[in-house]
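Fold and contact review
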Amino acid sequence: MADLKIEVPHNLSRDDAIARLLGALSVKDGADSMLGGVNFTHEGNRFSFSGKVKGFKVSGKMAVLEQCVRMIVVLPLAAKPFRKTADEHIRDYLNTNLA
């Protein structure tokens, strides 16, 4: 597996960060159509997800903390060549939605 470990800082309260992410993730067909095949669940400040992105099965967990969001994304070994691109895309997505 080619796990991604991502940490993105934010300047929001934890509750505001959660609300923004919930809003962004509920619009799967909007700005980020790659999320259309991914299902998200959350409980409190913890999210989990699984599904397919560009034909690859992905899963992971995300924690929204007071000053940052931490995420672990599990990618199949076949997706290893796209690891850097996936990391950049996820960071951009989080930064945009937590700005």
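Our subject is the structure that appears above.
Reading the values: rules and limits
Residues numbered from 1 in each chain as written. Predicted model: local features only at pLDDT ≥ 70, side-chain atom pairs only at ≥ 80, totals over all residues. Heavy atoms only, no water. Phe/Tyr/Trp six-rings, centres within 6.5 Å; stacked < 30°, edge-to-face > 60°. Buried < 20%, exposed > 50% of the residue type's maximum accessible area, 1.4 Å probe, protein only. Helix = DSSP H or I, 4+ residues; strand = E, 2+ residues; numbered from the N terminus. Pairing = 2+ DSSP bridges.

1. Re the packing of aromatic side chains
According to the stated counting rule, one finds two aromatic pairs in the structure shown. Between F40 and F49 the ring centres are 5.6 Å apart and the planes differ by 40°, which places this aromatic pair in the tilted class. Overall, the relative accessible area of 22% leaves F40 in the partly exposed class. Taking the centre distance of 5.7 Å and the plane angle of 45° together, the rings of F56 and F82 count as tilted. Placement of the pair is F56 in strand β4 (residues 56-64) and F82 in the loop between β5 (68-74) and α2 (83-97), with a sequence separation of 26 residues.

2. Digging into the pairing of strand β3 (residues 46-53)
Of the strand pairs in this sheet, strand β2 (residues 38-43) and β3 are connected by six bridges, and their pairing is antiparallel. Residue pairing across strands places N39 opposite S50, the latter belonging to β3. Following β2, the chain reverses through two residues before pairing antiparallel with β3; G44 in that reversal takes a positive phi of roughly 65°. Strand direction decides the pairing type here: β3 and β4, joined by eight bridges, are antiparallel. Looking at β4, one finds that G51 is bridged to V58. Between the end of β3 and the start of β4, which pair antiparallel, lie two residues, with K54 showing a positive phi angle near 50°.

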